[in-house]
8 protein chains.
Amino acid sequence: MTLKVYLSGEIHTDWREQITEGAKGLDVSFDSPVTNHEASDDCGVAILGAEASKYWHDHKGAMVNAIRTRRGIEGADVVVVRFGEKYKQWNAAFDAGYAAALGKSLIVLHGPDHQHALKEVDAAALAVAEEPKQVVEILRYVLTGELPEGALAAAE
Amino acid sequence: MTLKVYLSGEIHTDWREQITEGAKGLDVSFDSPVTNHEASDDCGVAILGAEASKYWHDHKGAMVNAIRTRRGIEGADVVVVRFGEKYKQWNAAFDAGYAAALGKSLIVLHGPDHQHALKEVDAAALAVAEEPKQVVEILRYVLTGELPEGALAAAE
Amino acid sequence: MTLKVYLSGEIHTDWREQITEGAKGLDVSFDSPVTNHEASDDCGVAILGAEASKYWHDHKGAMVNAIRTRRGIEGADVVVVRFGEKYKQWNAAFDAGYAAALGKSLIVLHGPDHQHALKEVDAAALAVAEEPKQVVEILRYVLTGELPEGALAAAE
Amino acid sequence: MTLKVYLSGEIHTDWREQITEGAKGLDVSFDSPVTNHEASDDCGVAILGAEASKYWHDHKGAMVNAIRTRRGIEGADVVVVRFGEKYKQWNAAFDAGYAAALGKSLIVLHGPDHQHALKEVDAAALAVAEEPKQVVEILRYVLTGELPEGALAAAE
Amino acid sequence: MTLKVYLSGEIHTDWREQITEGAKGLDVSFDSPVTNHEASDDCGVAILGAEASKYWHDHKGAMVNAIRTRRGIEGADVVVVRFGEKYKQWNAAFDAGYAAALGKSLIVLHGPDHQHALKEVDAAALAVAEEPKQVVEILRYVLTGELPEGALAAAE
Amino acid sequence: MTLKVYLSGEIHTDWREQITEGAKGLDVSFDSPVTNHEASDDCGVAILGAEASKYWHDHKGAMVNAIRTRRGIEGADVVVVRFGEKYKQWNAAFDAGYAAALGKSLIVLHGPDHQHALKEVDAAALAVAEEPKQVVEILRYVLTGELPEGALAAAE
Amino acid sequence: MTLKVYLSGEIHTDWREQITEGAKGLDVSFDSPVTNHEASDDCGVAILGAEASKYWHDHKGAMVNAIRTRRGIEGADVVVVRFGEKYKQWNAAFDAGYAAALGKSLIVLHGPDHQHALKEVDAAALAVAEEPKQVVEILRYVLTGELPEGALAAAE
Amino acid sequence: MTLKVYLSGEIHTDWREQITEGAKGLDVSFDSPVTNHEASDDCGVAILGAEASKYWHDHKGAMVNAIRTRRGIEGADVVVVRFGEKYKQWNAAFDAGYAAALGKSLIVLHGPDHQHALKEVDAAALAVAEEPKQVVEILRYVLTGELPEGALAAAE
């Protein structure tokens, strides 16, 4: 049965491509939010009409994006949440909390600098990785039982 | 994964056709109540036997229709509820409440005249549209991330 | 154990008072939406700040009211929904759908004129009454097993 | 029935005191995380034994805190999440997502500077406030139907 | 915490009295359907108006009784279902299935003659008893750990 | 999407064949219990070893059958429960209760003689039919909106 | 609100007494299985009648005990599972899995020798303790935010 | 519809192969944990980095394995748990508890020596088998209604 993976969070680096590319050949399907920043910000007003207030402009867009996001998380077996180096990224942490409450298997992906600030998020995860490659290795192991070559030897 | 959309509400205009036609080419499946008014009203007695009382006549039909309606809503990712210009349309509002309680993504479709009367229903929705075309644009955006041509420019 | 009853719908007649008055002495607690029409319409902007657009004015109020409404319905054993003679009352039908989806015991209260238009709502109910007094009699029967004096004789 | 409110997020200002003080006399009970920063960081190792690695030191503490946090959110009718001026506050956004997925009534509390960054979180809320006083007013309205004096007049 | 027990099924013998009497002094609360046969049959029409057809007469009553029955089962920790010597008692078996699907602890009470016919019902139960006294002994053991005097010796 | 229908109850007449035959050409899949009476009674001991006591003989079989039955009901959109002329058929009523508690659309099928005894079961159903042919007509209507030829005219 | 704690597992040492004694003064209620080994083994036959086969003797008792155990776990906020030095203790691990699937906060209590064998159970826990005293300290911290005297200093 | 079966527990004998081989031709899909002992123990550190402490080494692996295990159990119709002759096998009992709490159909497979120690686990099962062949026979019966040749005769 295809493993359904939702890739949430940071949209400024190519981590999603690294994972989907790395997972070629595995029985995995990927879903993610709309990662075109401008479209994501403006989709609400672009479709449903302009707003004078920036707040409602943003609100309308966030609501439309939620149609995709909630379905993506609710339909997933595994939710990967990536925190990048910059920005507040509260939507990423929100998605992690949403996924955790639904009992999804959560993988958090972030660099060592964020370790303390993300400790509550990490505590809800089944794996905390630093590199997209590690996520691929987890997906491969979960589906096939195979570990990266040489990994077992190195682990001892 | 196919997006499952349930089209609830008004049955006197061609809004469902506009949406299904507009969504051609997208990975969407549509479901809806039986929209033949006469069949919908009389299905209960037509199949299960006549009733002397109008109340039970109606009741039997509403129950049989509920088999289809509940399945349609429960199986949907997105529930679109259309309020037309006329009639009480309490079944439409009932469906919206039913969908909201199940956590479905709700899109409400109605003209500006109904805005105040529908404020509680709109408050449960992720999008409130005036035209079927906007629903199509939302479905396209949710599935592909694409916005209508020129929309982003117009939004600024 | 106290029976928790939520009284949803029409706010222009004294049906809630009739029921709460009639149920004196029974182990019932009642909850309801805010029935002060003006406060209910304006609570959002009154607390959270004015809105230039009527739509968002209404929206903010509907969202704040939803905090009370959802809690009331979700915590209830029995949800009574009253449809009056006038207005669209889509929020009443929405509440009925919401309650039905949560599996609450639903009692619908309306005059005979609305029978056909409400058939889908009635079909989700365990009782359809015309008078507040009947709702009281149902609550008394459910809690104590007692029927109105003379009712059994009359029923035969 | 007592309204159960969980106060999540920022721990460096007295917003919780403002709300609990302001809500005196209302039928509300409040719960919150442990707000002693040092105890919260070190509870895991203080009770269960020291860790050589900072990561596991943090992890143990976050897990112990989760016993309190999850119970607080799961038992709440209303979850208020406060975002302060400083820090990443990913745990606050995580709690908001967790609460949203459980269908809790969410109130978000933050200054106007964070409006764009919090748009996805705000979109899941039933109210977005800037001041603790507004949260008190919402709680009072939800419980009693009363609005702040003069608020209705000002709203028009 | 008080153990909530719902006593479903046969209404022609005093088994409920035997159990409630025997459980005196234990921290148990009992609930049951309305056991006045006539009231139970006629409650619908007595309150909501006469029906020309026997089917709808029965239907209205069954619906009103369901308000009490569902609440009783849904609120119970333990559901005891008694099958007597006579009648079809399909409502008893229906309640047993309803309770089983909700994951309630089910105790079935019937004489040896019904053993084969009730095998599917018994298979969903945590205990199958022949006498009301045994149900009391189970409740006492579940709450206090005490067994009937001499029972351990006899069991060996 | 294929409509999944579970056919529960009586095993001594060909009602299942009538329905599956009549539904040819519709997008329906049918499931049912093992209807070979002898296999159904003895499957437990035949596979897992003989029992000295008739009670445990029956119990083992009922448990093994429950693997099939529960999956059938839980996976169904519609559960049809047939009560025949003879026997206690408590397993049929149990299945009906089980299906009702899970919110399945329930169709009950029985002759007029059982009407009073089945009133609680009928009250949980969306349709009560007397003939297998009516069940087929409901399935056809639910899937296609088509009523039997001449039925509308006859209904008026 | 009282914290409900279920104490599962080993019955041959006084760890339950140590915890309940240590938690005196805290707003905690404790529940546990029947810890009288003989009564627990024989309760089924003692109440419901002797069995010739040891398997069914055990089975009847395990079923009756499940009435208490399931209620205890399902009603708990925190489930503590203790693994002692001896015996298979599969029921303890079963309870841990049961609690984990229900999303309960799980605390596992065992000596260092069992660390590898219990790694899957520990991985589902929010805390893994070696001494009953640590469980008391966790309960106190969760309820009051207080850590053992000197613990913070020692943790640095 | 394919029957989804998860095979949990003992990894030192070929019982899984016996079952999958025996079930050839049936509409069953099998899933199981990673049964390579070394990979299963070390997967966490092999992918996510070495740990100085044995406890965290084990913990990281157990968490990664949980991604596969939970999905396997949650997606299954039937969970088979095998207890072998040796080792603590607490993960097997944990899986059984997890499956039971989710309402999965549970089949336990173990030799007669473990009967008393596994009585609580067996009490949650719909079948308790001693040989893999019996599991195959159950799967065949559940899917096709067929019993092993000669079994019915032998059962009498």
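Parameters and conventions
Residues numbered from 1 in each chain as written. Chains lettered and ligands numbered in written order. Predicted model: local features only at pLDDT ≥ 70, side-chain atom pairs only at ≥ 80, totals over all residues. Heavy atoms only, no water. Least-squares fit on C-alpha atoms with pLDDT ≥ 70 in both. Axes fitted to C-alpha atoms, helices over the stretch in contact; angles between N-to-C directions. Helix = DSSP H or I, 4+ residues; strand = E, 2+ residues; numbered from the N terminus. Left-handed = near helix turned anticlockwise from the far one by under 90°. Contact = heavy atoms within 4.5 Å. Nonpolar A, V, L, I, M, F, W, Y, C, P; charged D, E, K, R; others polar. Buried < 20%, exposed > 50% of the residue type's maximum accessible area, 1.4 Å probe, protein only. Polar contact = N/O pair within 3.5 Å; in protein donor to acceptor, adjacent residues only side chain to side chain. Buried area = accessible area lost by both parts, 1.4 Å probe. Salt bridge = Lys/Arg side-chain N within 4 Å of Asp/Glu carboxyl O. Pairing = 2+ DSSP bridges. Phe/Tyr/Trp six-rings, centres within 6.5 Å; stacked < 30°, edge-to-face > 60°.

1. Overview of the relation of the copies chain E and chain C
Part 1 of the argument: Overlaying chain E on chain C yields an RMSD of 0.0 Å, the required transformation being a rotation through 90 degrees with an accompanying axial translation of 0.0 Å. The relationship between the two copies is best expressed as a four-fold rotation axis. Closest to the rotation axis within chain E is the C-alpha of G75 of chain E, separated from it by 9.0 Å.

2. Some details on the packing of helix α1 (residues 15-22) of chain H against helix α6 (residues 132-144) of chain H
Residue and element names in this part refer to chain H.
Part 1 of the argument: Axis separation between α1 and α6 bottoms out at 9 Å; the angle between their running directions is 35 degrees. For the crossing formed where α1 meets α6, the hand is right-handed. Contact residues: α1 offers W15, Q18, I19 and G22, while α6 offers P132, V135, V136, L139 and R140.
Part 2 of the argument: Taken together, the residues of the contact of α1 with α6 break down into six nonpolar, two polar and one charged.

3. Side note on helix α2 (residues 37-48) of chain B
All names here are of chain B.
Part 1 of the argument: In terms of burial, α2 is a largely internal element, ten of the twelve residues being buried.
Part 2 of the argument: Among the residues of α2, A39, S40, D41, D42, C43, G44, V45, A46, I47 and L48 are the ones counted as buried.
Part 3 of the argument: Where α2 begins, the side chain of N36 points an oxygen toward the backbone nitrogen of E38, at a separation of 3.1 Å.
Part 4 of the argument: Of the residues flanking the end of α2, it is G49, one or two places downstream, whose phi is positive at about 110 degrees.

4. What to know about the interface of chain E and chain C
Part 1 of the argument: Taken together, the 20 residues of chain E in the interface contact 26 residues of chain C.
Part 2 of the argument: Contact between chain E and chain C buries roughly 2000 Å² in total, counting both sides, with carbon and sulfur atoms accounting for 67%.
Part 3 of the argument: The three residues of chain E that bury the most area against chain C are I47, I67 and R71 of chain E, which together make up 37% of that side's buried surface.
Part 4 of the argument: Across the chain E-chain C interface, the total number found is one salt bridge.
Part 5 of the argument: Across the pair D77 of chain C and R71 of chain E runs a salt bridge, and its minimum N-O distance is 3.5 Å.
Part 6 of the argument: For the pair chain E and chain C, the interface holds six residue pairs in polar contact (both at pLDDT 80 or more).
Part 7 of the argument: Where the side of chain E that touches chain C is concerned, the elements lending two or more residues are α2 (37-48) and α3 (54-74) of chain E.
Part 8 of the argument: In terms of residue class, the side of chain E that touches chain C is built from eleven nonpolar, three polar and six charged.

5. Concerning the arrangement of the chains
Part 1 of the argument: Across all C-alpha pairs, the smallest distance from chain B to chain D is 8 Å, and the two are not in contact.
Part 2 of the argument: Separated throughout, chain A and chain G approach each other most closely at a C-alpha pair spaced 8 Å apart.

6. Comments concerning the pattern of salt bridges
Part 1 of the argument: Taken as a whole and assessed by the stated rule, the structure comprises 64 salt bridges over all chains.
Part 2 of the argument: For the salt bridge of K24 of chain G with E21 of chain G, the shortest nitrogen-to-oxygen distance reads 3.2 Å. As far as burial versus exposure is concerned, K24 of chain G and E21 of chain G are alike and both exposed.
Part 3 of the argument: Look at the salt bridges and you will find they share partners, linking D41 of chain A together with K119 and E120 of chain D into a network.

7. Focus on the sheet that holds strand β4 (residues 105-109) of chain H
All names here are of chain H.
Part 1 of the argument: Across the sheet, which stays open at both edges, the five strands sit in the order β2-β1-β3-β4-β5 with parallel pairing between neighbours. Single-partner strands in this sheet number two, and they are β2 (28-31) and β5 (127-129). Direction aside, neighbouring strands of the sheet carry axes that sit 20 degrees apart on average.
Part 2 of the argument: As paired strands, strand β3 (residues 78-82) and β4 are joined by five bridges and run parallel to one another. Within the sheet, the bridge partner assigned to V79 lies in β4 and is L106.

8. Quick word on the relation of the copies chain A and chain D
Mapping between the two copies of the chain is achieved by a rotation about an axis and a shift along the axis.
Part 1 of the argument: It takes a turn of 180 degrees to lay chain A on chain D, together with a shift of 0.0 Å along the axis; the resulting RMSD is 0.0 Å. Taken together, these values place the two copies in the relation of a two-fold axis.
Part 2 of the argument: The residues that chain A uses at the interface reappear at the interface of chain D in 100% of cases, marking a shared surface.

9. Quick look at the interface of chain A and chain D
Part 1 of the argument: With 33 residues of chain A at the contact, the number on the chain D side is 34 residues.
Part 2 of the argument: Regarding the contact of chain A and chain D, the summed buried area is about 3200 Å², with carbon and sulfur atoms giving 65% of it.
Part 3 of the argument: Summed over the shared surface of chain A and chain D, the result is two salt bridges.
Part 4 of the argument: Linking K119 of chain A and D41 of chain D is a salt bridge whose minimum nitrogen-to-oxygen distance equals 3.1 Å.
Part 5 of the argument: Linking chain A to chain D there are 14 residue pairs in polar contact (both at pLDDT 80 or more).
Part 6 of the argument: Elements that contribute at least two residues to the side of chain A that touches chain D include exactly α3 (54-74), α4 (90-101) and α5 (119-122) of chain A.
Part 7 of the argument: Top element by residues in the side of chain A that touches chain D is α4 of chain A. It accounts for nine residues.

10. Some remarks on the side chain of K60 of chain A
Part 1 of the argument: Considering the arrangement of structural elements, one finds K60 of chain A in helix α3.
Part 2 of the argument: A distance of 2.8 Å separates the side chain of K60 of chain A from the side chain of E51 of chain A, its partner in a polar contact.
Part 3 of the argument: For K60 of chain A, the residues in contact, after removing those within four places along its chain, are G44, V45, L48, G49, A50 and E51 of chain A together with W56 of chain C.

11. Considering the packing of aromatic side chains
Part 1 of the argument: Scanning the entire structure with this criterion turns up 28 aromatic pairs over all chains.
Part 2 of the argument: Relative to F83 of chain C, the ring of W90 of chain B has its centre 5.0 Å away and its plane inclined at 55 degrees; by these criteria the two rings are tilted. Within this pair, whereas W90 of chain B is found in helix α4 (residues 90-101), its partner F83 of chain C is found in the loop between β3 (78-82) and α4 (90-101), the two belonging to separate chains.
Part 3 of the argument: When its relative accessible area of 0% is taken as the criterion, W90 of chain B is described as buried.
Part 4 of the argument: Given the relative accessible area of 0%, F83 of chain C is considered buried.
Part 5 of the argument: Ring geometry for Y55 of chain G versus W56 of chain G: centroids 4.8 Å apart, planes at 85 degrees, classification edge-to-face.
Part 6 of the argument: Of the aromatic side chains, those joined through ring pairs into one cluster are Y55 and W56 of chain A together with Y55 and W56 of chain C.

12. A few points about the environment of Y87 of chain H
Part 1 of the argument: Positionally, Y87 of chain H belongs in the loop between β3 and α4 (90-101).
Part 2 of the argument: Measuring from C-alpha to C-alpha, the distance between Y87 of chain H and E10 of chain H comes to 9.1 Å, with 77 residues separating the pair along the chain.

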